[in-house]
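Summary of the model geometry
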Amino acid sequence: MLVVDDHEDNLFAMEQVLVPLGRPVLRATSGEQALRTVLRENVAVVLLDLLMPDLDGLGVLGYLRRLDQTRQLPVILITGVGRSDELAERAFHLGAAGFLIKPVSPWALCAHVEALAALYTRIREPEAG
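Below is a summary of the structure that appears in this document.

With respect to helix α4 (residues 85–94)
Regarding α4, the residues found buried are L87, A88 and A91. In a view along the axis of α4, the buried residues occupy a sector of 100°, so they form one face of it. Along α4, exposed side chains directed more than 90 degrees from the buried face belong to E86, E89 and H93. Residues of α4 that are buried in the fold lie against α3 (57–66), β4 (75–79) and β5 (98–101). Residue G95 follows α4 closely and has a positive phi angle near 105°.

So, in structure tokens, the structure goes:
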């Protein structure tokens, strides 16, 4: 799993929620760092903050969808700007697997991540063999 947020406290909070799932949790503090990490590491789900300086969450999602190796990687966008049907629609149009609004329920976050990671891992198994 990769958690992407430009605020250290948000990264720490999400890591603490996700650690009990028993999967490695990587972190990135920018969109550029997120892209580098996804290309270098084995990531099954990306939790991506929507609003970041320079390359925002929608920009990162757009890049991931254009690359063959990351086209099907599940990405959950997370935002603190409140409910926005327009942003959610744009995210899903770009291929987001989820769109969550802060504060995110720890249970909902874990449920989303575990389901998507398991599905993505099963999809990738034939490619690895």
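What follows picks up the thread again.
Comments concerning the pairing of strand β3 (residues 46–49)
Successive side chains on a regular strand alternate, one facing one side of the sheet and the next facing the other. Alternating residues of β3 divide into V46 and L48 and L47 and D49, and every residue in both groups is buried. Sheet topology note: the β3/β4 ladder contains four bridges and is parallel. Following the sheet pairing, D49 is matched in β4 by I78. As for the winding sense of the linkage, the β-α-β connection from β3 through α3 to β4 is right-handed.

Rules used in this analysis
- By convention here, each chain's residues receive numbers from 1 onward along its written sequence.
- Local features in a predicted model are, by the rule used here, given only for residues with pLDDT of at least 70; side-chain atom pairs are given and counted only at 80 or more, and totals for whole chains, interfaces and linings are based on all residues.
- Note that the side-chain values use all heavy atoms of the structure and ignore hydrogens as well as water.
- Partly exposed residues are those whose accessible area sits between 20% and 50% of the maximum for their type, while under 20% is buried and over 50% is exposed, using a 1.4 Å probe and protein chains only.
- The numbering of helices and of strands both runs from the N terminus, where a helix is a DSSP run of H or I of at least 4 residues and a strand a run of E of at least 2.
- Relevant arc is that of directions from the helix axis to the C-beta atoms, nothing else.
- The contact rule is simple, with two residues in contact once any of their heavy atoms fall within 4.5 Å.
- The pairing criterion for strands is at least two bridges between them, as found by DSSP.
- For a crossover, the right-handed case is the one in which the path from the first strand over the helix to the second runs clockwise, viewed with the strands pointing away from the viewer.

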